[in-house]
Amino acid sequence: MLINLHIVNLALIDELDVDFTEGLNILTGETGAGKSIIIGSIGIGLGGRFDKSLLRNPDKDGMVELLFSIDEELAGELEQDEVETEDGELLISRRLTGGKTVNRINDKTVTAAKLRSVAEKLIGLHAQHEQRTLLKKSKHLEIVDAYDEKIKGLKQKVADTFKEYKEIEEKLGSLSMDETERTKRLDYIRYEINDIESARLKEGEDDELEELYRKASNSQSIAEITSAVERLTGYDMGSSGGSQISDALSQLSQLTRYDEGAGELISTLTDIDQLMSDFNRQLADYISEMEFDEETLRTVEDRLNLINTLKSRYGKDIEAINATLQNLKAEEEELVSYEDTVKALSDKKSKCKKALEQECDELTKQRKKSAKKLCADIVDAMQELNFNDVRFDMTFEKSDSFTANGNDNAEFIISTNVGEEMRPLVDVASGGELSRVMLAIKSVVSEVSDTPTLIFDEIDVGISGITAQKVGAMMHRLAESRQILSITHLPQIAACADTAFVIEKQVVGDKTITGIRRLDAEGRVLELARLLGGENITETVLQSAREMIRE
């Protein structure tokens, strides 16, 4: 569940810190106090839009932090996303600094997509606008699919087969050409194959040639350097290093007449003389290898030019050129055996289509089965919400084409009064009815969902009286198995809170700020009395507030 919300420098908030509890957390406050800012901040923490226009002070960083407690089952799911909890807790942080948003989970920087993926497992957010999604037919199937775990596997099978089907279609489309086009394409492919094969390329050849060309093109400079070194270290001139060491060794050998201990010096200088001799032999070999004629340079240069031309046409290196060659040969084989290739692909497409049709039928069958139970459960939930004579169902039609989601067109239909025909939800439901329908759907779907926290932003739009009381009772029942946060204007719903908060706007110095505080028992009574009687809070209103809380 959501343990703590921390907000810094956002809208009318300088800094705000609030601890939530288990069960039903109800947030109330005057119109304009900043209730939407609180819920909006949670939305930002879950990966929503976060830009500089939202900052109270544009010169300072903005931040939203959400701290969650995580049970072992959810911790296991998060580990599959490579997210580890710490002591049963998880911290999501989003900071806007320098115009950039930094997303962190437990102090580890993550992408916005990763953060949203994790957040979906933690909170289900029902914003004020979400009830309008019920007016989109495309969303109705999503609700059914979310209700039944079996549908997930069937949808994946359909998606995989549909992908294969589209790939076959695209392949057939690329092969669709007349005899003239095919002949022209085949000639061009064979030209390219010959262009590559005639070069007789070898892996790593280009690197070796580049090195050889660099030496050959700089052979004069190499010769000048090595000749100078040979003069300095050789034995041909008396002043050369080799000659000087040889003379020194001859002189040093005479020391043994006078001092037998000079043998160690002679041994060391003999080693030096041998090393100098070995070096000069290596230098001579190197000089002979560095002798290039114009023809060699020209041959290397021509070969490199050929390889680079092939690279510009067929790939960035010889490995890529050879891969292109294999693809060209495969296409050549397809064109040579065009009729057989097209027939084989057409047969494969027919089999794939048949499999797709069967899988879509299985998906439709499961969806209808799930929709029947879902709609029955929704009717039960709606009756709890003061829909006394409601009927609710889902219609199915087959689409003319396939998608990765199957070929079902489905929508909810409803009748809220005796004697009325069932009609599409979009044509019937009022704003208040849509709020209750959405709550009923949420209550049913949440029974099979493992989302530990649900947030309702003004689910009470368009309702009042006994209906509001029943909405509050349902939310309280939902909160027995998960944490719920809800903003409301209605005393009937506020009275059902396990924990109550009031959001207030105050003027501090020369600034207006939004704050939130948890209400004690007497504070709950006073806030409920405000919702009941406005500014005129009499003893009768206070007594009514106490009675509502007791009930």
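Residues numbered from 1 in each chain as written. Predicted model: local features only at pLDDT ≥ 70, side-chain atom pairs only at ≥ 80, totals over all residues. Heavy atoms only, no water.

Caption draft 1: Local environment of the side chain of Gln-366. The residue Gln-366 is located in helix H13 (residues 338-384) in this model. What Gln-366 contacts, discounting residues up to four positions off in sequence, is Asp-148, Lys-150, Ile-151 and Leu-154. (Helix = DSSP H or I, 4+ residues; strand = E, 2+ residues; numbered from the N terminus. Contact = heavy atoms within 4.5 Å.)

Caption draft 2: Looking closely at the sheet that holds strand S5 (residues 89-97). Ordered by their spatial adjacency, 6 strands build an open sheet running S2-S1-S4-S5-S6-S7, and the pairing between neighbours is antiparallel. A strand with exactly one partner marks an edge of an open sheet, and here the two such strands are strand S2 (13-19) and strand S7 (108-109). Note that strand S4 (residues 62-69) and S5 share 8 bridges and pair antiparallel. Paired with Phe-68 across the two strands is Leu-90, which belongs to S5. This element, helix H1 (residues 35-45), spans strand S1 (2-10), S2, S4 and S5 of the sheet and lies at about 100 degrees to S1. (Pairing = 2+ DSSP bridges. Axes fitted to C-alpha atoms, helices over the stretch in contact; angles between N-to-C directions.)

Caption draft 3: Expanded view of the nonpolar core. Among the nonpolar cores identified, the biggest contains 90 residues, and Leu-374, Met-382, Phe-392, Phe-412, Leu-439 and Met-475 are the most heavily contacted of them. If you tally residues by element for this core, the top one is H13, at 13 residues. When residues no more than four places from it in sequence are discounted, the contact partners of Leu-374 are Ile-143, Val-144, Tyr-147, Phe-412, Val-444 and Val-445. Of all hydrophobic cores here, the second largest spans 42 residues; its members include Ile-7, Leu-16, Val-64 and Leu-90. (Core = buried A, V, L, I, M, F, W, Y, C linked by side-chain atoms within 4.5 Å. Buried < 20%, exposed > 50% of the residue type's maximum accessible area, 1.4 Å probe, protein only.)

Caption draft 4: Molecular detail of the packing of aromatic side chains. With the rule as written, the count across this model stands at 4 aromatic pairs. Look at Phe-20 and Phe-501: their rings are 5.4 Å apart centre to centre, the planes differ by 65 degrees, and that puts the pair in the edge-to-face class. With Phe-20 in the loop between S2 and strand S3 (24-29) and Phe-501 in strand S14 (residues 499-508), the pair connects residues that are 481 residues apart, well separated along the chain. In this pair, the class of Phe-20 matches that of Phe-501, namely buried. Consider the rings of Tyr-165 and Phe-402, whose centres lie 6.4 Å apart with planes at 70 degrees: the pair is edge-to-face. Taken together, the positions of Tyr-165 in helix H5 (residues 149-175) and Phe-402 in strand S9 (residues 391-403) put the pair 237 residues apart, joining distant regions of the chain. Side by side, Tyr-165 and Phe-402 carry an identical accessibility label, which is buried. Seen from the ring of Phe-387, Arg-436 lies directly overhead, with NZ or CZ sitting 3.9 Å from the centre. (Phe/Tyr/Trp six-rings, centres within 6.5 Å; stacked < 30°, edge-to-face > 60°. Lys NZ or Arg CZ within 6 Å of the ring centre and 35° of its normal.)

Caption draft 5: Molecular detail of the packing of H5 against H13. At their nearest, the axes of H5 and H13 sit 9 Å apart, and the two run at 155 degrees to each other. Between H5 and H13, the interaxial angle falls into the category roughly antiparallel. For H5 against H13, the interelement crossing comes out left-handed. (Parallel < 35°, antiparallel > 145°, perpendicular 65-115°, else oblique. Left-handed = near helix turned anticlockwise from the far one by under 90°.)

Caption draft 6: Main features of the pairing of strand S15 (residues 511-518). Sheet topology places S14 next to S15; 8 bridges connect them, and they run antiparallel. Bridged to Val-502 within S15 is Arg-517. Connecting the antiparallel pair S14 and S15 is a turn made up of 2 residues, with Gly-509 showing a positive phi of about 65 degrees.

Caption draft 7: How the structure looks around the environment of Pro-424. Looking at the secondary structure, you find Pro-424 in strand S11 (residues 423-424). Pro-424 sits in the partly exposed class, given a relative accessible area of 23%. The sequence separation of Pro-424 and Thr-101 amounts to 323 residues, and the corresponding C-alpha distance is 42 Å. With near-sequence residues (within four places) excluded, Pro-424 lies in contact with Glu-411, Phe-412 and Ile-413.

Caption draft 8: View of helix H19 (residues 539-550). A rise of 1.5 Å per residue sets the reference length of H19, with its 12 residues, at 16 Å; its end C-alpha atoms lie 16 Å apart and thus fit the reference within 8%. Turning to H19, its buried residues are Val-541, Leu-542, Ala-545 and Met-548. Looking straight down H19, one finds that the buried residues subtend no more than 120 degrees of arc, so they occupy a single side. Residues of H19 that are exposed and point over 90 degrees away from its buried face: Glu-539, Thr-540 and Arg-550. At its buried positions, H19 is contacted by helix H17 (491-494) and helix H18 (521-533). (Expected span 1.5 Å × (residues − 1). Arc of directions from axis to C-beta.)

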